[in-house]
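Structural description and commentary
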Amino acid sequence: MITNKRVYKFYYALLWIWFHIFYRIHFHNRESVPQGSCIVCGNHTSMADPLMVAVGMKNSRGYNYTKFMAKKELETAAGGIVSKLAKKLIIFVDRGKSDINAIKNTISHLKDGGNIIVFPEGHRVDAGEDSEAKTGVIMMAMKSGAQILPVYITEKRKPPVIFGRVDVVFGEPYTPQKTPGATTGESYRIAVDDLMGRIHALGETLKK
């Protein structure tokens with residue numbers, strides 16, 4: 001769980017100001033963000049994506065305090081400044097191997113009723129680029145009992161579009177299920193492909 005909520009609210013205020021000055025950001029269906037344990041999963045094309053999603057998670061019921069899963073390289077980036085500023089809000093994961101410690105910490109956080117933002121593809125993916133999502137997010141959801149909340153962020157090409165419009169669309173939370181007759185690995189793959197389909201379907205709603 002997030003214990004220092006004052007620090008979280010301080011960072012939230014800074015991010016809210018930043019995004020409302022430098023982006024024309026529009027949030028959709030914020031009320032679908034559930035209370036309690038949740039893994040927020042979205043597409044990922046910009047470094048700003050996780051922060052935008054976190055800002056959008058606040059709704060009429062109040063703050064939805066969340067942690068972030070981020071690549072381990074950020075822990076020492078810029079002299080470790082990211083780790084120093086937000087170490088209690090980030091679970092760092094070594095993407096090059098099965099990081100059991102990061103997985104255990106995430107599952108424990110979820111079982112305590114916490115939220116976490118995870119990008120299933122594991123890295124930024126340019127608009128139109130194909131990338132296979134990792135199944136770890138499904139495994140963590142099933143082992144913790146947490147719901148998954150799909151979210152779509154307007155796909156952008158590098159560099160990020162400053163002063164441009166960005167839409168963040170929240171879907172409906174759901175609980176992934178194992179596929180009858182399939183192995184555990186097959187069930188995870190089917191479920192994560194379904195998750196990515198839900199995410200991209202949210203993007204299609206912006207075209208209507």
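The structure reproduced in this document is the subject of the present report.

1. Describing the overall build of the protein
Of the regular secondary structure elements, the protein holds 6 helices and 7 strands. In the protein, the succession of α and β elements from N to C terminus is α-β-β-α-β-α-β-α-β-α-β-β-α. Burial statistics for the protein: of 208 residues in total, 47% are counted as buried. For the protein, the proportion of contacts with a sequence separation of at least 24, taken over those separated by at least 6, is 76%. Accessible surface, the protein as shown: approximately 10,900 Å² in total, 56% of it carbon and sulfur.

2. Notes on unusual backbone geometry
Positioned with a positive phi, N29 is a non-glycine residue whose angle comes to about 60°. Checked against the element boundaries, N29 lands in the loop between β1 (24-28) and β2 (38-42). Of the residues examined, N29 reaches a relative accessible area of 36% and is grouped as partly exposed.

3. Here we look at the pairing of β2
Extensive coverage of β2 is indicated by the burial of 5 of its 5 residues. Here β2 shows two buried faces, one formed by C38, V40 and G42 and the other by I39 and C41. Pairing analysis gives 5 bridges linking β2 to strand β6 (residues 147-153), with the strands arranged parallel. Counted as the bridge partner of I39 is I148 from β6.

4. A look at the side chain of E121
Tracing the backbone through its elements, the reader meets E121 in the loop between β5 (115-118) and α5 (136-144). No salt bridge is formed by the buried E121, whose closest oppositely charged neighbour, K134, lies at an N-O distance of 8.5 Å. With residues up to four places along the chain from it excluded, the contact list for E121 reads N43, H44, S131, E132, A133, K134 and M196.

5. As for the environment of G145
By secondary structure assignment, the location of G145 is in the loop between α5 and β6. Spatially, the C-alpha atom of G145 lies 9.2 Å from that of P176, the residues being 31 residues apart in sequence.

6. Structural notes on the pairing of β6
Extensive coverage of β6 is indicated by the burial of 6 of its 7 residues. Bridge analysis of β6 against strand β7 (residues 165-170) gives 3 bridges, and the strand direction is antiparallel. Looking across to β7, one finds that I153 is bridged to V168.

The rules we used
Residues numbered from 1 in each chain as written. Predicted model: local features only at pLDDT ≥ 70, side-chain atom pairs only at ≥ 80, totals over all residues. Heavy atoms only, no water. Helix = DSSP H or I, 4+ residues; strand = E, 2+ residues; numbered from the N terminus. Buried < 20%, exposed > 50% of the residue type's maximum accessible area, 1.4 Å probe, protein only. Contact = heavy atoms within 4.5 Å. Areas by Shrake-Rupley, 256 points an atom, 1.4 Å probe, with all protein chains shown as cover. Pairing = 2+ DSSP bridges. Lys, Arg positive; Asp, Glu negative; His and termini not counted. Salt bridge = Lys/Arg side-chain N within 4 Å of Asp/Glu carboxyl O.

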